[in-house]
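Coordinate analysis (summary)
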Amino acid sequence: MRVVVAGGAGFLGSHLCERLLADGAEVICVDNFLTGRPENIDPLRARGAFRLLRRDVTGPVDVAGPVDAVVHLASPASPVDYRALPLETLAVGAWGTRRLLELARRKGARFVLASTSEVYGDPQVHPQSEGYWGHVNPVGPRSMYDEAKRFAEALTTAHRATHGTRTGIVRIFNTYGPRMRADDGRAVPTFITQALHGRPVTVAGDGSQTRSLCYVDDLVDGLIRMLDAEHPGPMNLGNPRELPVLELARLVMRLCGADVPIVFVPRPPDDPTVRRPDVTLAGEVLDWRPRVDLPDGLARTVGWFRDRAAGPPAALVPRQSGASRSWASGD
């Protein structure tokens, strides 16, 4: 099997590349390192079945030889990144999706779009099933990401209807694990970084907003199963265990052995109040369900960050985005 992974140097993409190689596939990783990191894939470069194409997928994308599958993970995915790169985020959702769909069509390959739970916005239906249309602000501070993914879903659907392209759409809910950037603004790496460095842990609002967190190995397993299926989606992939962000912060502090205060900071506009996937469809079609429980997955993630905490502390300080601190989001 020969698979193109666009965004393969990112957090999720690098884990997918690693798993595909372990399963005996040949992997072509396409990344321009706008938000992906070379060190995520450095251990893979010595493998004969791995190839890196440093390329922006909003431009022409071609791969010599046969291709069995194309996975589109290329996009800024954290609040810090997509707010700093709004036009790039919209472009990769539009032009990047079209370029990769055309590649899949030319090669007769299976195409899987990594969409997001953000297409549901701040949901008014709970839990969120694939039949829910969402509650999204098209001009809000998250709109560049939400609407890029919603357009990408529409484009993927139209390509399937018009050209018969073998497409699939997965909606990925909050995922965590090793290789997350300490400064990407999401709750898990932010809480871990703060706790390991003895700094106050910052929680948005009163911390009552909820999230459902899926360990990266489980999420990658779902992506692999979607590649092997012919279902068009959309299909939710995520862990249906839901907990308040404040409870998550306390759990991270306990796993880090940190005795630090919790500081409450303003909650960002359009920050979702609840987030929990209905994964019934994935269970029925893919025979998939998450297996790693939250304390175990967080312990693995804390261990990975702890191993790297010996480096310069400045590299682990969460950066700021605009006037508000990036870690205020519960994503």
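Here the structure is a predicted model, which is why all the values come from computation and not from measurement.

Before going further, it helps to spend a moment on the pattern of salt bridges. Under the criterion given, the structure shown has 23 salt bridges. For the salt bridge of Glu102 with Arg105, the shortest nitrogen-to-oxygen distance reads 2.9 Å. Residue Glu102 and its partner Arg105 are both found in helix α4 (residues 86–107); the two are separated by three residues, about one turn of the helix. Owing to a relative accessible area of 39%, Arg105 belongs among the partly exposed residues under this scheme. The salt bridge involving Arg166 is made with Glu230; its shortest N-O contact spans 2.8 Å. Here the residue Arg166 occupies a position in strand β6 (residues 166–172), and Glu230 occupies one in the loop between α7 (216–228) and β11 (235–237), the gap between them amounting to 64 residues. When its relative accessible area of 31% is taken as the criterion, Arg166 is described as partly exposed. Members of the salt-bridge network, linked through shared partners, are Glu118, Arg142, Arg211, Arg267, Asp271 and Arg275.

This next bit is on the side chain of Asn40. The topology assignment puts Asn40 in helix α2 (residues 38–41). According to the relative accessible area criterion, Asn40 is buried, its value standing at 7%. Not counting the four nearest positions on each side in its chain, Asn40 is found in contact with Ala9, Gly10, Phe11, Ser14 and Arg179.

The subject of this paragraph is the packing of helix α1 (residues 11–22) against α7. At a closest axis distance of 10 Å, the pairing of α1 and α7 adopts a crossing angle of 65°. Relative to α7, the crossing made by α1 is right-handed. Residue-level inspection shows Phe11, Leu12, His15, Leu16, Arg19 and Leu20 of α1 in contact with α7, the latter providing Val216, Asp217, Leu219, Val220, Asp221, Leu223, Ile224 and Leu227. Residues belonging to the contact of α1 with α7 are distributed by class as follows: ten nonpolar, one polar and three charged.

As a further point, take the nonpolar core. Membership of the largest hydrophobic core comes to 67 residues, with the highest contact counts inside it found for Leu12, Leu16, Leu20, Phe191 and Leu248. For this core, the element with the most residues is helix α8 (residues 245–256), which contributes eight residues. Judged by nonpolar contacts, the second largest core, of 22 residues, contains Ile28, Val61, Ala74 and Leu101.

In this section: the layout of surface pockets. Considering only enclosed or pocket space, the largest pocket measures out at about 900 Å³ in volume. Lining the largest pocket are 50 residues; nearest its centre among them are Leu73, Ser75, Pro76, Ala77 and Ser78. At the level of elements, α1, β2 (26–31), α3 (79–84), α4, β5 (110–116), α5 (143–163), β7 (175–176) and α6 (187–196) are the ones that each hand at least two residues to the lining of the largest pocket.

As a further point, take the packing of α6 against helix α10 (residues 294–308). It is the contact of α6 with α10, at a shortest axis distance of 10 Å, that shows an interaxial angle of 55°. Considering their axes alone, α6 and α10 lie oblique with respect to each other. Regarding α6 and α10, the two cross each other, and that crossing is right-handed. Taken together, the residues of α10 that come into contact with α6 (itself represented by Val188, Pro189, Ile192, Thr193 and Leu196) are Leu298, Thr301, Val302, Phe305 and Arg306. Looking at side-chain class alone, the contact of α6 with α10 contains seven nonpolar, two polar and one charged residues.

What counts, and where the lines are drawn
- Residues numbered from 1 in each chain as written.
- Predicted model: local features only at pLDDT ≥ 70, side-chain atom pairs only at ≥ 80, totals over all residues.
- Heavy atoms only, no water.
- Salt bridge = Lys/Arg side-chain N within 4 Å of Asp/Glu carboxyl O.
- Helix = DSSP H or I, 4+ residues; strand = E, 2+ residues; numbered from the N terminus.
- Buried < 20%, exposed > 50% of the residue type's maximum accessible area, 1.4 Å probe, protein only.
- Contact = heavy atoms within 4.5 Å.
- Axes fitted to C-alpha atoms, helices over the stretch in contact; angles between N-to-C directions.
- Left-handed = near helix turned anticlockwise from the far one by under 90°.
- Nonpolar A, V, L, I, M, F, W, Y, C, P; charged D, E, K, R; others polar.
- Core = buried A, V, L, I, M, F, W, Y, C linked by side-chain atoms within 4.5 Å.
- 1 Å grid on protein atoms, 1.4 Å probe; cavity = no way out; pocket = protein on both sides within 12 Å on 5 of 7 lines; lining within 4 Å.
- Points joined across faces, edges and corners; volume = space filled by probe spheres on them.
- Parallel < 35°, antiparallel > 145°, perpendicular 65-115°, else oblique.

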